[in-house]
Amino acid sequence: MSQEVRHMAIGLQSSGKTTFAAALWYLIDSGEIPIALRKGKHTGDYRYLEAIASRWEHGWQVPRTKTLQQEIITMNLKDPATSMDVGLKFVDLSGETFEKAFATRTLNQNAADAFSGTNNLMLFVSANDSRDDLTMIDVAIQLKDNLDEDQIKDDGSEEVAFDPAKTPRQVQVVDFLDSIRQPPMSLSLERVAVIISAWDKGPEHNDPIRWLREKMPLLDQYLRNSGLMVRVYGVSAQGGDLPDQDNPPAKDDLDGLLDQKELLSLAKASKRIQVVGYGADQHDLTHPVRWLSGLEGE
Ligand SMILES: Nc1nc2c(ncn2[C@@H]2O[C@H](COP(=O)(O)OP(=O)(O)OP(=O)(O)O)[C@@H](O)[C@H]2O)c(=O)[nH]1
Ligand SMILES: [Mg+2]
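Definitions and limits used
- Residues numbered from 1 in each chain as written.
- Chains lettered and ligands numbered in written order.
- Predicted model: local features only at pLDDT ≥ 70, side-chain atom pairs only at ≥ 80, totals over all residues.
- Heavy atoms only, no water.
- Core = buried A, V, L, I, M, F, W, Y, C linked by side-chain atoms within 4.5 Å.
- Buried < 20%, exposed > 50% of the residue type's maximum accessible area, 1.4 Å probe, protein only.
- Helix = DSSP H or I, 4+ residues; strand = E, 2+ residues; numbered from the N terminus.
- Contact = heavy atoms within 4.5 Å.
- Expected span 1.5 Å × (residues − 1).
- Salt bridge = Lys/Arg side-chain N within 4 Å of Asp/Glu carboxyl O.
- Phe/Tyr/Trp six-rings, centres within 6.5 Å; stacked < 30°, edge-to-face > 60°.
- Lys NZ or Arg CZ within 6 Å of the ring centre and 35° of its normal.
- Near = heavy atom within 4 Å.
- Polar contact = N/O pair within 3.5 Å; in protein donor to acceptor, adjacent residues only side chain to side chain.
- Areas by Shrake-Rupley, 256 points an atom, 1.4 Å probe, with all protein chains shown as cover.

A. Here's a closer look at the nonpolar core. Counting 43 residues, the largest nonpolar core has Phe20, Leu24, Met75, Leu77, Met122, Val235 and Leu285 as the members making the most contacts within it. Broken down by secondary-structure element, the contributors of at least two residues to this core are α1 (17-30), α2 (47-57), β4 (70-79), β5 (84-93), β6 (120-126), β7 (191-197), β8 (229-236) and α10 (286-292). When residues in this core are grouped by element, the largest group, 9 residues, is from α1. Those residues within four positions of Met75 in sequence are excluded, and the remaining contacts are Ala21, Leu24, Trp25, Ile28, His42, Leu49, Val86, Gly87 and Leu88. One finds Leu212, Leu219, Leu228 and Val276 within the second-largest nonpolar core, a separate group that totals 31 residues.

Structural data, given as C-alpha cells:
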C-alpha cells in the first residue's frame, strides 16, 4: 500500500525551519541511528538539501533562507512498521514571506500555490526568542526612557509610526493560521505539530506543552479551540549554539565556539539532535512527521 502525504513547514523568521530540514536529511541519509521513518526512493536534485545538511554536519549554522527563495524539499520516507510510503514535501518558504503577508494582507502566488492541498502543518516557534509581547505599561516605561525630541508633538505627546513587523510573533502566527483557513485559500487543516525549536535554550521543566501555554498563551488558546489535532514537541535540531560559517568568530573566541567543539566531538552527529514529547526516541526527528502522516498515536 502506498500513500502520498504532503506537509508544510511554516514559521516566522529564524524559527528553526531550515535547521530542522538539514538535520532531518542528515538523519535519514546517514542511517547512523535507528529512527521511526527510513529513507525511501529518491530521484531528482537534492543539492540544496545536501548543502544544508553538510553545513549542519560540520557544525555551522544553516544559511538564512532568502525572501524570494522557495525551496521545495521532497523527502520520500518509508514506514517500516506498515511498509507505507510517505512522500513528505517540506516547503521551505522564508520567514519574511509570512511577515510580509501579515503586514500587506496579501500572499504571493508562489507561496499560496505551495499550500494547495495541504492538510497538515509543522509550525515552528523558537524557545530562543526574547519575549515580544510587552504590555502597554512596559512600553510606556520604555518610551519614557528613550524619549526622542523629534517625536514630540506641540502638545507634548509622542508619535511613533506603526510598524506591522513589530507585532508580537504569536499574533502574527495566529493571524496566519486563521487566514489560510478562510477564503480565498480555505485550507482544510487537520493536524498541526508545533515544533518548539532551540529547545536546548528552553526551560528547566522540559515540558513543551507548558512552555507554549506560558510563553505563547494566545497561540495556545487558538490551537486549543481550533478543532485541529495538535501536538507540541520540543526539538533541538542543532544541539546548541553554532557559529555562522560566512561570518565565523575568531579562533580564540572560546565562548562562541564552545558548543560547536562539544557537538563535533560526538562520534555520531545524529546524537546532537534532541526531541521531547509523546514518547519520541531522543534523537528521532521523524516522530512528529510520522504523527502528521497519521502513522503514530492512533
Ligand atoms: N541553540 C540552538 N539554536 C538553533 C537551533 N536550531 C536553530 N537554531 C538557530 O536559530 C536561528 C534560526 O534557524 P533557521 O533554521 O535558519 O531558521 P528559519 O526558520 O529557517 O529562518 P528563515 O530562513 O530566516 O525563515 C539560527 O541562528 C540557528 O542557528 C537549535 O536547536 N539550538
Ligand atoms: Mg530558513
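From this point, the narrative continues.
B. Geometry of helix α3 (residues 95-104). Buried residues of α3: Gly95, Thr97, Phe98, Glu99, Ala101 and Phe102, and no others. At the C-terminal side of α3, Arg105 shows a positive phi close to 60 degrees.

C. Representation of α1 within the structure. For α1, which comprises 14 residues, the first-to-last C-alpha distance of 20 Å matches the rise-based estimate of 20 Å (1.5 Å per residue) to within 8%. With 12 of 14 residues buried, α1 is to be regarded as a mostly interior element. Within α1, the full set of buried residues consists of Lys17, Thr18, Thr19, Phe20, Ala21, Ala22, Ala23, Leu24, Trp25, Tyr26, Leu27 and Ile28.

D. Just the pattern of salt bridges, in detail. Per the counting criterion, the structure on display carries 11 salt bridges. Between Asp241 and Lys201 there is a salt bridge whose closest N-O contact spans 2.6 Å. Within this pair, whereas Asp241 is found in the loop between β8 and α9 (254-264), its partner Lys201 is found in the loop between β7 and α7 (208-215), the two being separated by 40 residues in sequence. Look at Asp241 and you get partly exposed, because its relative accessible area is 36%. In this structure, Glu214 and Arg210 form a salt bridge, with 2.9 Å as the shortest nitrogen-oxygen distance. Of this pair, Glu214 and Arg210 both sit in helix α7, 4 residues apart, which is roughly one turn of that helix. Using a relative accessible area of 45% as the deciding quantity, one classes Glu214 as partly exposed.

E. Representation of the packing of aromatic side chains. In this structure the tally under the stated criterion is 4 aromatic pairs. Ring plane angle 45 degrees and centroid distance 5.0 Å describe the contact between Tyr26 and Trp56, whose orientation is recorded as tilted. A residue pair is termed long-range when its members are at least 10 positions apart, and Tyr26 in helix α1 and Trp56 in helix α2 qualify at 30 residues. The ring of Trp291 is capped by Arg191, whose NZ or CZ atom sits 5.0 Å from the centre of that ring. Here Arg272 stacks its cationic end above the ring of Trp56, 4.7 Å away from the centre of that ring.

F. Layout of the site of ligand 1. Lining the immediate surroundings of ligand 1 are 23 residues, of which Lys17, Thr19, Arg64, Gly95 and Asp200 lie closest. Residue Ala237 places a main-chain N or O atom 3.1 Å away from an oxygen atom belonging to ligand 1. The contact in question runs from a nitrogen atom of ligand 1 to an N or O atom on the side chain of Asp241, over 3.0 Å. In isolation ligand 1 offers 650 Å² of accessible surface; the protein chains occlude 92% of this area. Element by element, the count of residues in the shell around ligand 1 is highest for α1, at 3 residues.

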